[in-house]
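# Topology and contacts: notes
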Amino acid sequence: MNLMENITSRKNRIICHFRSVANDREYRCNCGEYVCDGLKTLREALHCGAELGCVLWKEKAGDVKLPDTVAQYTAPTELFEYASPLKSSGGPVFTVKMPKRDGEFKLERAIVLENLQDPGNVGTVIRTANTGYLQWQTLRYEEQTVAMNGFGNRMTKIISIR
């Protein structure tokens, strides 16, 4: 069972880490992590086998079973919102290790979505691309080519087209 630390200061190293990963590209690349937000995203990350760094819960921990290697923290609402890259987050906020890539990674065609507030809009983009108007024969969603990064209010998804 993971020990849960309650964070009460903006100067706490974990709060500073979340803010730096979310807002500083160089820091994010150096530590090899990115920030994600939300319970659904956390469950999807666990389901896909993503390597989690740490999880910050708002007020109290959720009912999600996490690996023992994942550090968990709680923070009061005001501090949680300070640490979160989103304006209004239901939480939790968590870090995920960037996947290691072997060799060169090349996309011949791609749809890049930026400033995505509602992930449901991805379906509209995929349906539009699949109409033939964009002259793509097939569309394949590859989990390994998806990067979800919280930068302020932005979420970036990369979808490979073949």
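Since this is a predicted model, take the numbers as computed values, not measurements. (Residues numbered from 1 in each chain as written. Predicted model: local features only at pLDDT ≥ 70, side-chain atom pairs only at ≥ 80, totals over all residues. Heavy atoms only, no water.)

### Considerations on the overall build of the protein chain
For clarity, the cut-off: Helix and strand definitions follow DSSP, with helices as H or I runs of at least four residues and strands as E runs of at least two, each counted in order from the N terminus. It only takes one pair of heavy atoms within 4.5 Å for two residues to be counted as in contact. Exposure was quantified through the Shrake-Rupley algorithm and a 1.4 Å probe, taking into account, for residues, occlusion by the shown protein chains and nothing else.
When helices and strands are tallied, the protein chain shows five helices and nine strands. The order of helices and strands in the protein chain, counted from the N terminus, is β-α-α-β-α-β-β-α-β-β-α-β-β-β. The contacts in the protein chain between residues at least 6 apart in sequence include a share of 62% that link residues at least 24 apart. Summed over its atoms, the accessible surface of the protein chain is roughly 10300 Å², and 48% of this surface lies on carbon and sulfur atoms.

### Topic: the sheet that holds strand β3 (residues 52-58)
Our working definition: Two strands form a pair only when DSSP identifies at least two bridges running between them. Only the contacting stretch of a helix is used when fitting its axis, a line to C-alpha atoms as for every element, and angles between N-to-C directions run 0 to 180 degrees.
Spatially, the five strands line up as an open sheet ordered β1-β4-β3-β5-β2, and their pairing is mixed. Every other strand in the sheet has two partners, leaving β1 (4-6) and β2 (33-37) as the edge strands with one partner each. Direction aside, neighbouring strands of the sheet carry axes that sit 25 degrees apart on average. Examined bridge by bridge, β2 and strand β5 (residues 93-97) share five bridges and lie antiparallel to one another. Counterpart to V35 in the pairing with β5 is T95.

### Considerations on helix α1 (residues 13-23)
The test is simple: Partly exposed residues are those whose accessible area sits between 20% and 50% of the maximum for their type, while under 20% is buried and over 50% is exposed, using a 1.4 Å probe and protein chains only. It is the directions from the helix axis to the C-beta atoms whose arc is reported.
Buried within α1 are the following residues: I14, I15, H17, F18, V21 and A22. Projection of α1 onto a plane perpendicular to its axis shows the buried side chains occupying an angular sector of 160 degrees, all on one side. Among the exposed residues of α1, those oriented more than 90 degrees off its buried face are R13 and N23.

### A closer look at the nonpolar core
Which entries qualify depends on this criterion: Joining through side-chain atoms within 4.5 Å is the link that ties buried Ala, Val, Leu, Ile, Met, Phe, Trp, Tyr and Cys residues into a set, and such a set is a nonpolar core.
I7, I15, F18, V35, L56 and Y73 are the most contacted members of the largest nonpolar core, which has 15 residues in total. Of all the secondary-structure elements, those providing two or more residues to this core are α1, β3, β4 (71-75) and α4 (77-83). No other element matches α1, which puts five residues into this core. The residues touching L56, leaving out its near neighbours within four places in the chain, are I7, I15, F18, Y73, T74, A75, F80, A83, P92 and V93. Ranked by size, the runner-up nonpolar core spans 12 residues in total, among them Y34, A45, V55 and F94.

### Description of the environment of V64
Along the chain, V64 turns up in the loop between β3 and β4. Looking at V64, the relative accessible area reads 12%, which means it is buried. Separated by 18 residues in sequence, V64 and L46 have C-alpha atoms that sit 9.6 Å apart. Excluding its chain neighbours within four sequence positions, the residues that come into contact with V64 are L39, L42, R43, L46 and W57.

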